[in-house]
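# Topology and contacts: notes
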Amino acid sequence: MKKNFFLLFLILFGSTAFAQQADEITIIPKPASAEKGTGVFVISKRTSIVAKGADAEKVAGMFNYFFNKKYGFTLKINNSALTDAIVLNTMLRIKLPEEGYQLKVTSKGVNIVGDRSGVFYGVQSLLQLIHETGAQLSVPAVNINDQPSFAYRGIMLDVGRHFFDANEVKKILDVMAYLKLNKFHWHLTDDQGWRLEIKKYPKLTAISAWRDSSIIGGYGDFSPFIYDGKKSGGFYTQEQAREIVKYAADRNIEVIPEIEMPGHCTAVLAAYPELGNGTGPYKVPGYWGVHNTIYNPGEPTFKFLEDVLTEVIAIFPSKYIHIGGDEVPKDEWKSSAFAQKIIHDNNLKDEHELQSWFINRIEKFLNKNGKNLIGWDEILEGGLTPNATVMSWRGEAGGIQAAKEGHNVIMSPNSNMYIDHAQAKDSKTEPLAIGGFLPLNVVYNYNPLPAALTPEQQKSILGVQANMWTEYVPTNNKLEYMIFPRAIALAEVGWTKTESKNYDDFVGRRLPAVLKDIEKAGINYRIPEANVVIADDAQTGRKKITIISSVAQSKIYYTIDGHKADNTTDLYSGSILTPFTNGRQLTLKYIVVTPGNRTSSEFSVDIK
Ligand code: TNX
């Protein structure tokens, strides 16, 4: 039924010049319920915002921040306007679910009710509802009741492999807010770089934050590796980190810092070799992969980590601290007499139990300081520490096991949530990526609740996260290219009920409007393949090809003669009829050119 509806829609509006209807509701993530009314509300320079409640006032400021970025002016915040107003109300008389909101638009005005986070999200929905027709900003009448499916809707950014400065982080946070994503997991340390100022250990930023060279090409491209000879790195001062925390909080985003242990720490050992297992000298490496160098399990290491965590705790108000725990080769502990003595003295079975023992100590320290520990699923291996939350990345197995043991879980399986993987199979059309293939629909169709869990056990699944590892992501442009549009699909995985998700509607009707916004905001993204629909044309017996772009108001240039498509070939302007009636095949090739003049790779589809 849904599918037929969509096809009807395609037939009616199926041209590339995606003319967005003025009453179209294209919000991503799709709201829990939205009923269209009649008429539109027009926003002008005379429209005011009425803030009811101190929290509403803060959100009103955020409305103006986002509104101004998009339309170049702000609205007066006023306490008395009765008409021509956007009313934000955090002085609840009704009880709404956490982060939930009600948004009502009539021709007279807009009313948004919720707590601070709810009204903030009501504002994000409102911003997505505004249609620009000529000079006029209009909002279709609608009644929305909305709330998220999951409390945890996150993105992880690895700034260890490549450093991204505070401005770039803020740019990502702005889009996260627009998409109602609420957790920013900041992977601050790795073998190739340490990125946070720690006052007690100045060598972390003087030495560990920098490497003198990085390999070029993919990991397997050159043997031996070829290095670029360029010094790279960087770090955030504590003041910058605090500013990011506040910037995020204003956007309903919690920042969860990650300090890796006991592995992924070569950069630290380059500055403080005494914390290693005597396998030095160490330098900050410029190549990727899993490194053997790990911390030794001695008292000076715990002193160091507790000192570091003490400073981290003072910067980040989140109740979570992520301690990594992934990919810890045990070779060094196997051959270290010191590590073996710790295993023996503490009656541990093996090196896996030593890792658990290590993490247990850190968990005690965190719990004592009012924080909860999150770790990658390897922390299950030698027995899970009592209160840990598990981030399941090697598929879902770790998450399922942890949920069965009653632990909280964040689902982040590499099968669906690794946005460092390539977005298309064809390496000729895609930039270098780490391997693996993760197209948009696979992200979109992910369900974070594994069928292997009972409904009761499923309650332990806090939510979902996409991971942006950056081995092959040296620039801001590439970072944004990898994150978008897949993070837009992620938003719907985290917010929208599985039963009301629909990929065709997402990619064919709502994504175009959102990508147009993203483009206008100056954010790079991968232009997705268009939706190519092939139907039998009853009248002529030929095939009818309809191409729906995933970016509103873009142009499509195509060929059907096997030659390359570019801006000198035919401009698509409504469906194409194939030139023959028998069963011959041909290949449609096309490119998408967006309203901001960005050009996609060339895509091709076999027409049978
Ligand atoms: C595995 S996922 C890692 C990262 C890499 C990533 C590349 C995880 C916890 N560890 O160190 O960057 O694969 O996809």
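Reading the values: rules and limits
- Residues numbered from 1 in each chain as written.
- Predicted model: local features only at pLDDT ≥ 70, side-chain atom pairs only at ≥ 80, totals over all residues.
- Heavy atoms only, no water.
- Helix = DSSP H or I, 4+ residues; strand = E, 2+ residues; numbered from the N terminus.
- Buried < 20%, exposed > 50% of the residue type's maximum accessible area, 1.4 Å probe, protein only.
- Contact = heavy atoms within 4.5 Å.
- Areas by Shrake-Rupley, 256 points an atom, 1.4 Å probe, with all protein chains shown as cover.
- Lys, Arg positive; Asp, Glu negative; His and termini not counted.
- Charge placed at Lys NZ, Arg CZ, Asp CG, Glu CD.
- Salt bridge = Lys/Arg side-chain N within 4 Å of Asp/Glu carboxyl O.
- Phe/Tyr/Trp six-rings, centres within 6.5 Å; stacked < 30°, edge-to-face > 60°.
- Lys NZ or Arg CZ within 6 Å of the ring centre and 35° of its normal.
- Pairing = 2+ DSSP bridges.
- Core = buried A, V, L, I, M, F, W, Y, C linked by side-chain atoms within 4.5 Å.
- Polar contact = N/O pair within 3.5 Å; in protein donor to acceptor, adjacent residues only side chain to side chain.
- Domains from an automatic or database assignment.
- Buried area = accessible area lost by both parts, 1.4 Å probe.
- Nonpolar A, V, L, I, M, F, W, Y, C, P; charged D, E, K, R; others polar.
- Near = heavy atom within 4 Å.

Attention shifts here to the overall build of the chain. Broken down by element type, the chain carries 18 helices and 27 strands. Considering only C-alpha atoms, the chain reaches an extent of 80 × 65 × 50 Å along its principal axes. Here the chain, with 608 residues, has 58% of them falling under the buried criterion. The contacts of the chain with a sequence gap of at least 6 include a subset with a gap of at least 24, amounting to 72%. Of the accessible surface of the chain, which amounts to about 24,700 Å², a share of 52% is contributed by carbon and sulfur atoms. The chain carries 66 positive and 66 negative side-chain charges, and their two centres are separated by 6 Å.

Tallied over the full model, the rule gives 31 salt bridges. Of the charged contacts in the structure, one is a salt bridge between Lys283 and Asp212, with a shortest N-O distance of 3.7 Å. Here Lys283, found in the loop between helix H7 (266–271) and helix H8 (299–315), pairs with Asp212, found in the loop between strand S13 (210–211) and strand S14 (232–233); they are 71 residues apart in sequence, far enough to count as distant. Look at Asp212 and you get partly exposed, because its relative accessible area is 45%. One network of salt bridges, in which partners are shared, links Glu24, Glu492, Asp505, Arg509 and Arg510.

What follows covers the packing of aromatic side chains. Applying the stated criterion to the full structure yields 30 aromatic pairs. Between Tyr201 and Tyr272, the ring centres sit 5.5 Å apart and the planes meet at 90°, which makes this aromatic pair edge-to-face. Here the residue Tyr201 occupies a position in the loop between strand S12 (193–194) and helix H5 (203–206), and Tyr272 occupies one in the loop between H7 and H8, the gap between them amounting to 71 residues. In this structure Tyr272 comes out as buried when scored by relative accessible area, which is 8%. Arranged with centres 4.8 Å apart and planes meeting at 45°, the rings of Phe302 and Phe358 form a pair that is tilted. On the criterion of sequence distance, the pair formed by Phe302 in helix H8 and Phe358 in helix H11 (residues 351–368) is long-range, its members being 56 residues apart. In this structure Phe302 comes out as buried when scored by relative accessible area, which is 1%. Since its relative accessible area comes to 0%, Phe358 is described here as buried. A network of ring pairs unites the aromatic residues Tyr65, Phe66, Phe120, Tyr121 and Trp495 as a single cluster. A cation sits over an aromatic face here: Lys45 above Phe73, 5.0 Å from the ring centre. In this arrangement the basic side chain of Lys501 is found over the ring face of Tyr444, its NZ or CZ atom lying 5.1 Å from the centre.

Extensive coverage of strand S8 (residues 136–146) is indicated by the burial of 8 of its 11 residues. Of the strand pairs in this sheet, strand S1 (residues 33–43) and S8 are connected by 8 bridges, and their pairing is antiparallel. Looking at the pairing, Val40 lines up with Pro140 of S8. Judged from the 5 bridges that link them, strand S5 (residues 101–105) and S8 form a sheet pairing that is antiparallel. Its bridge partner lying in S8, Gln102 is registered against Asn145. The sheet contact formed by strand S7 (residues 131–133) and S8 spans 3 bridges and is antiparallel. Paired with Thr133 across the bridge in S8 is Gln136. Linkage of S7 to S8, two consecutive antiparallel strands, is achieved through a turn of 2 residues, within which Gly134 is found at a positive phi near 60°.

By size, the foremost hydrophobic cluster in this structure holds 168 residues, and its most contacted members are Trp186, Tyr295 and Phe484. Ranked by size, the runner-up nonpolar core spans 12 residues in total, among them Tyr320, Ile374, Met391 and Leu462.

What follows covers the environment of Ile576. Counting through the fold element by element, Ile576 comes out in strand S25 (residues 576–577). Taking the C-alpha atoms as reference points, Ile576 and Ile547, separated by 29 residues in sequence, lie 8.7 Å from one another. Those residues within four positions of Ile576 in sequence are excluded, and the remaining contacts are Lys543, Lys544, Ile545, Ile547, Tyr558 and Leu588.

Here we come to the side chain of Arg510. Assignment of secondary structure puts Arg510 in helix H18 (residues 503–520). Taking the relative accessible area as the measure of exposure, Arg510 reaches 1% and is therefore buried. Reaching out from Arg510, the side chain makes a polar contact with the side chain of Asp505 at a distance of 2.7 Å. The residues touching Arg510, leaving out its near neighbours within four places in the chain, are Ile25, Thr26, Ile27, Ile28, Lys30, Tyr444, Glu492, Asn502 and Asp505.

As far as domains go, the chain holds domain 1 (1–19 + 511–608), domain 2 (33–146) and domain 3 (152–500). Taken over C-alpha atoms, the centre of domain 1 sits 39 Å from the centre of domain 3. Looking only at domain 1, the three residues that lose the most surface to domain 3 are Ile523, Asn524 and Arg526, adding up to 46% of its buried area. Our count for the domain 1 to domain 3 interface comes out at 1 salt bridge. When the shortest N-O distance is used, the salt bridge between Arg526 and Glu430 registers 2.7 Å. At the boundary of domain 1 with domain 3, the tally comes to 7 residue pairs in polar contact (both at pLDDT 80 or more). With 5 residues, H18 is the largest single contributor of residues to the side of domain 1 that touches domain 3. Looking at side-chain class alone, the side of domain 1 that touches domain 3 contains 7 nonpolar, 3 polar and 5 charged residues.

On to the site of the ligand. The environment of the ligand is made up of Arg161, His264, Asp326, Glu327, Trp376, Trp393, Tyr418, Asp420, Ile434, Trp469 and Glu471. Within the side chain of Arg161, a nitrogen or oxygen atom sits 2.8 Å from an oxygen atom of the ligand. Within the side chain of Asp326, a nitrogen or oxygen atom sits 2.8 Å from a nitrogen atom of the ligand. Burial of the ligand by the protein amounts to 92% of the accessible area it has alone, namely 370 Å². Residues belonging to the shell around the ligand are distributed by class as follows: 5 nonpolar, 1 polar and 5 charged.

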